[in-house]
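In case you want the letters, here they are:
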Amino acid sequence: MSVKRNKAAASNGEYFPGIAKIVYNPAAPADDSLVFRHYNASEVVRGKTMEEWLRFSVCFWHSFRGVGLDPFGSGTITRPWDDGTETLEAAKQRLRAAFEFFTKLGVKYWTFHDRDIAPEGNNLSSTNANLDIIADLAEELMQKTGVKLLWATSNLFSHPRFMLGAATSSDARVTAYAAAQVKKCLDIAKRLGAENFVFWGGREGYNSLLNTDVKRELDHMAAFFKMVVAYKEKIGFTGQLLIEPKPKEPTRHQYDYDAQTVMAFLHQYDLSDHFKLNIEPNHTTLAGHCYEHDVVMSFIYGKLGSIDANTGSPDLGWDTDQFPMDVKSATVIMKTVIEQGGLAPGGLNFDAKVRRDSTDLRDLFIGHIAAMDTFARGLLNASRVIEDGHLAKAVASRYSTWTGGLGAKIAAGKATLEDCEKFTLEEGHPTPVSAHQEHFETILNNYV
Ligand code: XUL
Ligand code: CO
């Protein structure tokens with residue numbers, strides 16, 4: 001059974017009539033979930049406001065196109081502004097509703113895929129014309145509200161034409177179509193002042209190695225990205241290009257498996273100077289890592305560009321895109337963000353959706369508010385962890401043998417195997433030293 005659609009309408013010019021601008025009120029009762037208790041946009045933490053550190057963004061696809069579909073059932077969610085049609089009029093209503101939402105929530109950024117915001121036409125020209133019409137309205141709403149575009153991206157995975165992939169399709173004509181689509185999306189991104197442009201290779205991977213020429217596909221992916229870099233430079237688009245790793249889903253194996261895999265790919269094909277990474281912790285955990293792993297890995301090589309702030313359910317094996325609610329996880333992420341000096345021009349994009357049984361309009365607000373409060377707490381906690389320095393001191397002391405003598409010589413690349421043999425013969429067997437994991441966990445717990 002499909003979802004019964006309401007006639008699209010705004011009540012008295014408002015799409016969220018019962019909800020006022022969300023305010024900061026730390027004294028609000030615990031069961032008031034339409035208020036910020038921790039996120040205070042103008043509060044200064046370590047020389048920057050919370051708003052500057054956190055750079056929150058709402059994604060258009062989940063929040064304004066999501067209807068609660070899952071592989072076992074159709075949509076459950078209806079929105080008063082959405083008649084569910086693929087018309088320009090419906091697209092405009094969704095966009096107007098979205099900007100009211102951004103404004104009432106108090107976020108300064110949004111993100112979209114080209115195909116979320118405007119319907120496909122009968123051919124590429126009419127699709128592009130639709131996109132231009134919607135970009136006109138987006139530009140107008142952005143100017144009116146001051147909400148900016150954190151990033152845009154091309155959807156190169158939903159349409160059946162991309163069933164074999166886009167940049168890595170076995171059919172060159174599909175790759176050409178994808179490239180033409182990206183060309184247009186880069187034009188729109190430039191026009192709307194996007195601060196970044198994301199590539200998530202949803203179908204860039206394989207389902208069977210038997211029918212796949214992996215080397216050829218990876219070479220094609222690199223060639224595709226080189227065309228992107230050339231066009232970006234030609235039109236003078238100054239946004240940061242980002243690749244978003246994910247190990248699987250929808251493909252069995254996605255080439256952009258995780259942060260280290262993507263960085264190795266970029267290095268192999270001489271693309272490192274042009275791309276950073278957009279890390280999604282739910283993808284990181286799907287790759288079998290801990291929540292913060294890819295954020296840390298990309299940070300240490302100067303490649304942490306932006307974060308899709310969401311979470312999965314550790315007891316499920318798929319991408320649930322839940323709102324991040326875990327303060328300890330947010331603390332470890334924000335510790336790295338502070339160590340990097342911030343995420344700009346990236347931000348914290350809520351690539352998250354309300355559950356399919358969270359069907360009320362207010363649930364959409366509550367999900368975002370709670371996630372913003374979670375990250376505000378993460379920021380405050382991480383700031384105290386860094387300020388006090390206990391953790392950093394304890395880590396440094398684990399590496400004390402590397403700061404002088406033979407350790408320093410090895411680290412500097414100046415030692416030989418013979419030096420190490422001589423040292424070991426003289427010093428004998430090294431006494432084991434504890435890693436004190438429980439001590440470190442206790443220190444972190446003291447801040448959460
Ligand atoms: C899919 C995903 C995408 C990207 C943008 O898992 O995360 O929404 O963020 O294409
Ligand atoms: Co994402």
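The rules behind these values
- Residues numbered from 1 in each chain as written.
- Chains lettered and ligands numbered in written order.
- Predicted model: local features only at pLDDT ≥ 70, side-chain atom pairs only at ≥ 80, totals over all residues.
- Heavy atoms only, no water.
- UniProt positions renumbered as here; feature names shortened; annotations may be inferred.
- Buried < 20%, exposed > 50% of the residue type's maximum accessible area, 1.4 Å probe, protein only.
- Helix = DSSP H or I, 4+ residues; strand = E, 2+ residues; numbered from the N terminus.
- Pairing = 2+ DSSP bridges.
- Donors = N, O, S within 2.8 Å, 3.2 Å for Na, K, Ca; no water.
- Tetrahedral: all angles 85-135°; square planar, octahedral: opposite > 155°, others 65-115°.
- Arc of directions from axis to C-beta.
- Contact = heavy atoms within 4.5 Å.

- As annotated in an unreviewed UniProt entry, the protein is Xylose isomerase from Hyalella azteca.
- Regarding the protein, the UniProt comment filed under Sequence similarities (unreviewed entry) reads as follows: "Belongs to the xylose isomerase family."

**So, the pairing of strand 4 (residues 109-113)**
Moving on, step 1. Among the 5 residues that make up strand 4, 5 are buried, leaving the element largely enclosed by the rest of the structure.
Moving on, step 2. Burial along strand 4 is two-sided: the residues Y109, T111 and H113 and W110 and F112 are all buried.
Moving on, step 3. The pairing of strand 3 (residues 56-59) with strand 4 spans 3 bridges and is classified as parallel. Bridge pairing in strand 4 links S57 to Y109.
Moving on, step 4. Here strand 4 runs beside strand 5 (residues 148-153); their pairing, made up of 5 bridges, is parallel.

**Re the coordination of the cobalt ion (ligand 2)**
Moving on, step 1. Around the cobalt ion (ligand 2), the protein contributes the donor atoms E244 (OE), E280 (OE), D308 (OD) and D351 (OD), which lie 1.9 to 2.2 Å from the metal centre.
Moving on, step 2. Considering all 6 donor atoms around the cobalt ion (ligand 2), angles at the metal cover 79 to 171° and the coordination shape is octahedral.
Moving on, step 3. In primary-sequence terms, the residues that donate to the cobalt ion (ligand 2) follow E-x35-E-x27-D-x42-D. Here D308 lies in strand 11 (residues 304-308) and E244 lies in the loop between strand 8 (240-243) and strand 9 (253-254), a separation of 64 residues in the sequence. Pair check on accessibility: E244 and D308 agree, each one buried.

**So, helix 8 (residues 259-268)**
Moving on, step 1. Looking only at helix 8, the buried set comprises A259, V262, M263, F265 and L266. Within helix 8, the buried residues cover an arc of 160° as seen down the axis, which keeps them to one side. Within helix 8, the exposed residues directed more than 90 degrees away from the buried face are H267 and Q268.
Moving on, step 2. Among the structural elements, helix 7 (214-235), strand 8, strand 10 (275-279) and helix 10 (293-300) are those in contact with the buried residues of helix 8.
Moving on, step 3. Of the residues flanking the end of helix 8, it is D270, one or two places downstream, whose phi is positive at about 60°.

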